[in-house]
Every structure is written in structure tokens, then in C-alpha cells.
Amino acid sequence: MTDTALETKVLAGVPTQLFIGGTWRDGAKGRTFGVEDPSTGKTLVQVSDGDADDALAALDAATQAQADWAATPSRQRGEILRRTYETIIARQDELAMLMTLEMGKPLSGSVGEIRYAADFLRWFSEEAVRVDGRYTAEPNGNGRLLVMRQPVGPCLFITPWNFPMAMGTRKLGPAFAAGCTVVMKPADLTPLSMLALTNILHECGLPPGVLNVVTTTDAGGTTGPVIADPRLRKLSFTGSTPVGKRLMAAASEQVLRVSMELGGNAPFVVFPDADLDAAVDGAVEAKMRNIGEACTAANRFHVHRSVIQDFSERLAKRLAAMKVGRGTEDGVEVGPLIEEKARQKVRSLVDDAVSAGAKVLTGGGALDGPGYFYAPTVLGEVPDRARLLREEIFGPVAPVVAFDSEEEAISAANATEFGLVAYLYTSDFSRALRVTEALEVGMVGLNQGLVSNPAAPFGGVKQSGFGREGGREGIDEYLNVKYVAVHL
Ligand code: NAD
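Procedures and definitions
Residues numbered from 1 in each chain as written. Predicted model: local features only at pLDDT ≥ 70, side-chain atom pairs only at ≥ 80, totals over all residues. Heavy atoms only, no water. Helix = DSSP H or I, 4+ residues; strand = E, 2+ residues; numbered from the N terminus. Buried < 20%, exposed > 50% of the residue type's maximum accessible area, 1.4 Å probe, protein only. Polar contact = N/O pair within 3.5 Å; in protein donor to acceptor, adjacent residues only side chain to side chain. Contact = heavy atoms within 4.5 Å. Pairing = 2+ DSSP bridges. Right-handed = clockwise from strand over helix to strand, strands pointing away. Phe/Tyr/Trp six-rings, centres within 6.5 Å; stacked < 30°, edge-to-face > 60°. Lys NZ or Arg CZ within 6 Å of the ring centre and 35° of its normal. Core = buried A, V, L, I, M, F, W, Y, C linked by side-chain atoms within 4.5 Å. Domains from an automatic or database assignment. Axes fitted to C-alpha atoms, helices over the stretch in contact; angles between N-to-C directions. Near = heavy atom within 4 Å. 1 Å grid on protein atoms, 1.4 Å probe; cavity = no way out; pocket = protein on both sides within 12 Å on 5 of 7 lines; lining within 4 Å. Sits in = over half its atoms within 2 Å of the grid points. Nonpolar A, V, L, I, M, F, W, Y, C, P; charged D, E, K, R; others polar. Parallel < 35°, antiparallel > 145°, perpendicular 65-115°, else oblique.

S.K.: Hey, could you run me through the side chain of Asn290 in this one?
M.R.: Of note, Asn290 is situated in the loop between α10 (276-288) and β13 (298-304). Residue Asn290 is classed as buried on the basis of its relative accessible area, which comes to 9%. In this structure the side chain of Asn290 is engaged in a polar contact, spanning 3.0 Å, whose partner is the backbone oxygen of Asn162. Setting aside residues no more than four positions away along its own chain, Asn290 makes contact with Met103, Lys105, Asn162 and Phe163.

Shown next as C-alpha cells:
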């Protein structure tokens, strides 16, 4: 099938309504909104625009389904996840096309995300049957302690546009494995991948009411009443730090359990003893994956003065050679930014740095449309006062700054309110451990530019949030601990 035929087919097949209690339906008000292709600015399809009534209906359905779902044997829950994993992989080309259309990333990047997203379902299909407790003797020898872990109950998930499927499956996999039901609100910029996934989950046997999806352009108004409802037991949010703070405040009313996967400002540190070829490869990956629109994107490059020129020139050469274009076209490595507002933000950060004295080594400006393209950019000699060293860039821009000592590198790396991930390149084993221990982050890429892995606990510290997704830790977010004091 040609790409154009596939494009037509996936758009014709994607669901566009709300999914509540096992049925697709329009929103209570019957309104819709358009989903745009960021590489053309054209509307792809209209999707139901839900509101608070719809979200509360979704919570009704999730609440009703909760007890049966929690009582469903964990093997059965795991097998639904496993079948879904296999179905996603079998349909990865169609799903990738849909994702590229709504989000803009190149098809290869979408295939990568689809596989990564599916892998969370596989991982948690395996974890579902391993939720255990413990039984121990009281230290005084009299009684016994019984500790059990039970599903927290109905959850609300709010996810961002940058990874439209994976940010969902990182929550859905462990929630379903633990026995929780869900109301999901995907980002209005990219709802289609989640709607397509919902279809597949139900085809693979997920019972009605276990997953309910509400798309909306009024995120706060739609989710607010759900967060305030005492039937909700957990809020998991992935998105920006300012929105996360507001949601934490709202969640405090019901003392909801909360997980927050928030913004980042990842430092990428290159020591003079690093393998420079590997560091440049890692830099390209850490910066350019997802067009720089990733919470894990390297936001600033701290490079030892003795290798900074070599590193910067090589990085600039690599970024300058990357093919920018519509993600559906052959060989494209860099798609558009998600919307004009995002491009304006990148533009203003680069202009600010340049006016403060930074040198443009490649790129440095927006590219002609249609679509919200921005040239892959490397900036050298970036002064401390440049805003882009402190703010999340979320675009294909790499600022490079020099350091002289290990202490200086650590202090520059930690000089941010964020603490999601840091990348570190060195061939000195002691230094690797020393610096890793000193970095105030939840994750470290040691001589590698990619940390995301379903088998690992993903998450941050400081204002990058709390809670972990993936790994053995991921399912704990969806389990309550109950301790029983046993008198013999
Ligand atoms: P955003 O905070 O604007 O939106 C995220 C989600 O929250 C969307 O679904 C949006 O509709 C919803 N939302 C917005 N305002 C809301 C409100 N008042 N009440 C309820 N929901 C609301 O973020 P974004 O622009 O979609 O995503 C980019 C941000 O996400 C970046 O800061 C990025 O670092 C972060 N992110 C973090 C991780 C992580 O795992 N730490 C992963 C991906 C993205």
C-alpha cells in the first residue's frame, strides 16, 4: 500500500468519539474539535469534544467496573495486556502513520514509539501475576504480620501530546495489571493514537468500563469535577510542571494518591576523557529524538573546554545534515513542531540567546511552511544569562557551554529546579560513579543518550515530579498496602 493510501485508510478507520462504559458515543453537548496535521496545518478529522458531564459518566463507568476488574484473575488481566501488545505490533505501520499524521514525528520515530508503548503492556502483562505480600512473625514472637497489596481503585490519567501512545501505556499497563479501572484524558492536540489503542484493547478483551476515554478542549473544566469526586482514588499526570502543580493542589482536597511526570531540563555533560564519537552520537539521539520535544531531551550541553570545539563542530555538522520535512516522507529525520505557539517559544529562546552573545553554529531560525518547522540548531558560547539554559526548550536546539573542572560541571548540571534525567560521558569509571551520585536527577544516561526502557523505573526528582513508571516499581503506583496484625 502506498503511503497516501495508508494515510487515507488510517484516518477513515480511527474512532472519533468518546469511549464510555464500553460504547463509543458523542459528547453530551454534541460538540467536536479538529485535530491538525502539524506538517501542513490542515485538519485531519473532527473528534468529540467532551465536558464535565461526560467525564463524570466515565467515572461512573469506571467505578461500576472496579470491583469485577479487581476480582478478575491476574493471569486473565495479564493475558489481555499481552494480546494487546501483540496486536499493536502486528499493526505498527498503521498506528505509526496515524501518530505521524497527528503529531508530526517521522514515521521511524512513530514506529519506535509504538513499539516502546506496546512494550509497557508486555512488561506489565508479566508483572500482573507477581503482585505479592508477606507474612512474618512479630519480633516479639507473639503475633504475626500479614501485608497485602490491593488495587487503589478508579484512576484519572492526563497525558501530553509529545508521545501520544507511550505516555498512556506507561500508566494503563500497570493500572490494568494491578486491577484498577481508568478514566483517560489524552491531549487534545493528539487524541487519535489513544483512541486507536482503546479500540485495540477492547478487541483484545478489556471489559466495558475498565477504560473510559474522554477527549476535550476544556482540560481543566472536564477533569476538575472528576478530581473533586470522592470515588476517584488516584491521579496520574504527565505534562508540564505548572499544570502539574495546579493538579496537585486540586488533588489535595480528596487527599488523592498522585503521580507526577513533569518537565525536564536535562544536562548533557562531556568530560575530556569521553569517547567523543560516542558522545556526539549520544548527543544527536538525546537532542533530536522526537524533534527535541521530549521531557528527556538534552536541554544544554556542558562540555569540557579542551574538547568543546571539536564536539560542537561535529554536532553542528550532524544536525545540519538532518533531513527536515513531513514525517511521512522518505528519509525525513526531523518533523515539524507541534504548533505555532511551540515554534514561537523556540524562536524566542534562540533569539534571546543570540542577543546575549551566543554564536549560531548551524540553523538558528524557523523554516518555511506550511507546517511549524524549525531548523536543527547548535549554539556555541552561550552565556549564563541565556534563558534557554534554564527553560525547557522542547525543540531541535542544542546550546553548548564550556566547563573547566568536575565540580563546575556538577554544579552547572544541578543548577535547575528540574531533576528528570542527566547524560554523562566519561571513560573514567570512578568519575562516572562520583558524578552520577552527585547529580540531582531521577535517571542518568551513562555513556548513552537514551534512558527510556519499560523494564526501568522512569521518573524524576525536584520539580520534575515523583512516582515511577515502568520497571518493578511501576505497579506500586497502583497498589495500596494493607497490613493486618494477626493475633494467634
Ligand atoms: P501540558 O501540561 O500543557 O498538558 C498535559 C496534559 O494536561 C494535556 O492533556 C492537557 O490537555 C492537560 N491539561 C492542561 N491544563 C490542564 C488543567 N488545568 N487541568 C487538567 N488538565 C490540563 O503539557 P504538554 O505541553 O502537553 O506536554 C509537554 C510537557 O510535558 C513538557 O513540560 C514535558 O517535559 C512534559 N512531559 C513529561 C514527561 C515525563 O515523563 N516526565 C513525559 C512527557 C512530557
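S.K.: What is the right way to look at the pairing of strand β18 (residues 443-446) in this model?
M.R.: In regular strands, side chains alternate between the two faces of the sheet. On β18, burial follows the alternation: Met443 and Gly445 on one face are buried, whereas Val444 and Leu446 on the facing-out side are not. Alignment of strand β17 (residues 421-425) against β18, held across four bridges, turns out to be parallel. Residue pairing for β18: Ala422 is matched across the bridge by Val444. Handedness of the crossover joining β17 and β18 through helix α14 (residues 429-438): right-handed.

S.K.: Even after reading the chapter, I still don't get the packing of aromatic side chains, so can you show me in this structure?
M.R.: Think of a pair of aromatic rings as described by two things: how far the centres are apart, and how the planes are tilted against each other in angle. With the rule as written, the count across this model stands at ten aromatic pairs. Each ring, one from Phe19 and one from Trp24, has its centre 4.6 Å from the other, and the planes form 55°; the classification is tilted. Overall, Phe19 belongs to the buried group, its relative accessible area being 3%. Members of the aromatic cluster, connected to one another through ring pairs, are Phe268, Phe301, Phe311, Tyr423 and Tyr425. Over the ring of Tyr478 we find Lys234; its NZ or CZ atom is 5.1 Å from the centre of that ring.

S.K.: Got a minute to help me understand the nonpolar core in this structure?
M.R.: Within soluble globular proteins, side chains that are nonpolar tend to cluster in buried spots. Formed by 118 residues in total, the largest nonpolar core has its most connected members in Leu172, Phe176, Phe268 and Phe311. A domain split of this core shows at least three residues from each of domain 1 (3-262 + 464-485) and domain 2 (266-453). The contact partners of Phe268, leaving out residues within four places of it in the chain, are Ala279, Gly282, Ala283, Ala286, Ala298, Arg300, Phe301, His302, Phe311, Tyr423 and Tyr425. Leu18, Leu156, Leu247 and Leu256 belong to the second largest nonpolar core, which has 23 residues in total.

S.K.: Which parts of the structure should I look at to understand the sheet that holds β17?
M.R.: The strands making up a sheet associate through hydrogen bonds between their backbones, and the pairing can be parallel or antiparallel. Sheet architecture is open: seven strands sit in the order β14-β15-β16-β13-β12-β17-β18, paired in mixed fashion. Every interior strand has two partners, whereas the edge strands, β14 (359-362) and β18, have only one. Sheet twist, expressed as the average angle between the axes of neighbouring strands with direction ignored, equals 25°. Bridging between strand β12 (residues 266-270) and β17 involves three bridges; their strand directions are parallel. Residue Val270 lies in a different strand from β17, and its bridge partner there is Tyr425.

S.K.: Looking at this model, I keep getting lost on the site of the ligand. Mind explaining?
M.R.: Surrounding the ligand, one finds 28 residues, the nearest of these being Thr159, Arg170, Ser240, Leu262 and Glu392. Between the ligand and the protein, one listed contact pairs an oxygen atom with a side-chain N or O atom of Lys185 at 3.0 Å. In the model, an oxygen atom of the ligand is placed 3.3 Å from a nitrogen or oxygen of the Gly239 main chain. Put simply, the ligand lies in the largest pocket. Listed by contribution, the elements that provide at least two residues to the shell around the ligand are α6 (166-178), α8 (219-227), β10 (234-238) and α9 (241-252). Classifying every residue of the shell around the ligand gives 14 nonpolar, nine polar and five charged. Here the shell around the ligand gathers at least three residues from each of two domains, domain 1 (3-262 + 464-485) and domain 2 (266-453).

S.K.: Would you explain the packing of helix α1 (residues 3-13) against helix α4 (residues 92-103) in this entry?
M.R.: In a pair of packed helices, the angle between the axes and the distance between the axes together describe the arrangement. Running from N to C, α1 and α4 point in directions that differ by 85°, and their axes come no closer than 9 Å. Taken together, the axes of α1 and α4 are roughly perpendicular relative to one another. Along its contact with α1, which presents Asp3, Leu6, Glu7, Lys9, Val10 and Leu11, the element α4 presents Asp93, Glu94, Met97, Leu98 and Leu101.

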